[in-house]
Amino acid sequence: MVFSQFHLNKNTSLQVTKTKLDSLQRNGVELMIHMCPNCHIQYDRYQPVIEKEYGVKYDMVHMNIA
């Protein structure tokens, strides 16, 4: 749902994604394999946007299972 919310409420969408990325990073995740194409887009495409906007750096790779 975060991907669809990006078009309705960009700030909330990015904040929710950032919260999830923060949790993944704290737990040492280096690779995320997404089954959902929209989730893949949200994390892969907007990770650099979040890094720039919030001044953070995530060392994570996102791949779609397809």
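Residues numbered from 1 in each chain as written. Predicted model: local features only at pLDDT ≥ 70, side-chain atom pairs only at ≥ 80, totals over all residues. Heavy atoms only, no water.

### With respect to helix 3 (residues 37-54)
Now for step 1: The first and last C-alpha atoms of helix 3 sit 25 Å apart over 18 residues, in line with the 26 Å expected at 1.5 Å per residue.
Now for step 2: Considering bend angle alone, the principal kink of helix 3 is centred on tyrosine 46 and spans about 45 degrees; proline proline 48 follows within four residues of it.
Now for step 3: Burial in helix 3 covers these residues: His40, Gln42, Tyr43, Tyr46, Gln47, Ile50 and Glu51.
Now for step 4: Just downstream of helix 3, glycine 55 is the residue with a positive phi angle, here 65 degrees. (Helix = DSSP H or I, 4+ residues; strand = E, 2+ residues; numbered from the N terminus. Expected span 1.5 Å × (residues − 1). Bend = angle between axes of the 7 residues up to and from the residue. Buried < 20%, exposed > 50% of the residue type's maximum accessible area, 1.4 Å probe, protein only.)

### A few points about a nonpolar patch on the surface
Now for step 1: Together, Leu31, Ile33, Met35, Val61, Met63 and Ile65 make up an exposed nonpolar region whose accessible area comes to about 630 Å².
Now for step 2: Where the nonpolar patch is concerned, the elements lending two or more residues are strand 1 (31-34) and strand 2 (61-64).
Now for step 3: Structurally, the position occupied by valine 61 is in strand 2.
Now for step 4: In this structure valine 61 comes out as partly exposed when scored by relative accessible area, which is 47%. (Patch = residues over 30% accessible without salt bridge, like charges linked within 9 Å, V, L, I, M, F, W, Y side chains within 5 Å. Areas by Shrake-Rupley, 256 points an atom, 1.4 Å probe, with all protein chains shown as cover. Salt bridge = Lys/Arg side-chain N within 4 Å of Asp/Glu carboxyl O.)

### Observations regarding the side chain of lysine 18
Now for step 1: Take lysine 18: it is sitting in helix 2 (residues 10-26).
Now for step 2: Since its relative accessible area comes to 13%, lysine 18 is described here as buried.
Now for step 3: Reaching out from lysine 18, the side chain makes a polar contact with the side chain of aspartate 22 at a distance of 2.7 Å.
Now for step 4: What lysine 18 contacts, discounting residues up to four positions off in sequence, is Ile50, Tyr54, Val56 and Tyr58. (Polar contact = N/O pair within 3.5 Å; in protein donor to acceptor, adjacent residues only side chain to side chain. Contact = heavy atoms within 4.5 Å.)

### Quick look at the pattern of salt bridges
Now for step 1: Summed over all chains, the structure comprises two salt bridges.
Now for step 2: Of the charged contacts, one joins glutamate 51 and lysine 57 as a salt bridge, the two residues approaching to 3.9 Å between their closest N and O atoms.
Now for step 3: A relative accessible area of 61% places lysine 57 in the exposed class.

### Here we look at the confidence of the model for the protein chain
Do not read the predicted coordinates in detail wherever pLDDT is low.
Now for step 1: In the predicted model, the protein chain carries a mean pLDDT of 88, and 89% of its residues have values of at least 70.
Now for step 2: At the low end of the mean pLDDT range in the protein chain sits helix 1 (residues 2-8), at 58; at the high end sits strand 1, at 95. (pLDDT = per-residue confidence, 0-100.)

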